[in-house]
Amino acid sequence: DLARVESRSKLQEEREEKSRWLECMDKFLKSLPPEDAALLRNCHHDDQRQQSINRSQAAAQMGMAENSLRVHLHRIRQTLKQKVSACVERHQKKL
């Protein structure tokens, strides 16, 4: 049935796009300065309370205000997002 074939095709496209996104993310995470990559890993947590604790500890260790750390993390994530999006777009254009 045509609807089933289209549905499978759509699922396959979504899987391929997610795979490209993950490949690009991995590539650019590895290209970050080690201290920025460690900061992202240490300050991210699924539990918001724990994430707040982690940020506070990281800010104290770095000798900076927590708000300054948040801004720094935001800039790292924005740069990463832009690079990953551009990478995914380049892969899509090749197809």
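Note that the coordinates shown come from a computational prediction; the quantities given were computed from them, not determined experimentally. (Residues numbered from 1 in each chain as written. Predicted model: local features only at pLDDT ≥ 70, side-chain atom pairs only at ≥ 80, totals over all residues. Heavy atoms only, no water.)

Peer 1: Go over the environment of S52, please, and point to the residues and values.
Peer 2: Of note, S52 is situated in helix α3 (residues 48–62). As a C-alpha pair, S52 and E66 span 14 residues in sequence and 9.4 Å in three-dimensional space. (Helix = DSSP H or I, 4+ residues; strand = E, 2+ residues; numbered from the N terminus.)

Peer 1: Which residues make up a negative patch on the surface, and what values do they have?
Peer 2: A cluster of like negative charges, contributed by E13, E14, E16 and E17, occupies part of the molecular surface. Its location among the elements puts E17 in helix α1 (residues 2–31). Given the relative accessible area of 41%, E17 is considered partly exposed. (Patch = residues over 30% accessible without salt bridge, like charges linked within 9 Å, V, L, I, M, F, W, Y side chains within 5 Å. Areas by Shrake-Rupley, 256 points an atom, 1.4 Å probe, with all protein chains shown as cover. Salt bridge = Lys/Arg side-chain N within 4 Å of Asp/Glu carboxyl O. Lys, Arg positive; Asp, Glu negative; His and termini not counted. Charge placed at Lys NZ, Arg CZ, Asp CG, Glu CD. Buried < 20%, exposed > 50% of the residue type's maximum accessible area, 1.4 Å probe, protein only.)

Peer 1: Go over the pattern of salt bridges, please, and point to the residues and values.
Peer 2: Tallying each qualifying case throughout the model produces two salt bridges. One salt bridge connects D26 with K30, and the closest N-O pair in it is separated by 3.2 Å. One end of the pair, D26, and the other, K30, are both in helix α1, four residues apart, so they sit about a helical turn from each other. Judged by its relative accessible area of 38%, D26 falls in the partly exposed class. A relative accessible area of 64% means that K30 is categorised as exposed.

Peer 1: Please provide a residue-by-residue account of the packing of helix α2 (residues 34–43) against helix α4 (residues 66–94), values included.
Peer 2: Geometry of a packed helix pair, given as the angle between the helix axes and the separation of the axes. The N-to-C vectors of α2 and α4 enclose an angle of 110°; their axes lie 11 Å apart at closest approach. Overall, the two elements α2 and α4 adopt an arrangement that is roughly perpendicular. On α4, the residues that touch D36, L39, L40 and C43 of α2 are L69, H72, L73, I76, R77 and L80. For the contact of α2 with α4, the class distribution of residues is seven nonpolar, one polar and two charged. (Axes fitted to C-alpha atoms, helices over the stretch in contact; angles between N-to-C directions. Parallel < 35°, antiparallel > 145°, perpendicular 65-115°, else oblique. Contact = heavy atoms within 4.5 Å. Nonpolar A, V, L, I, M, F, W, Y, C, P; charged D, E, K, R; others polar.)

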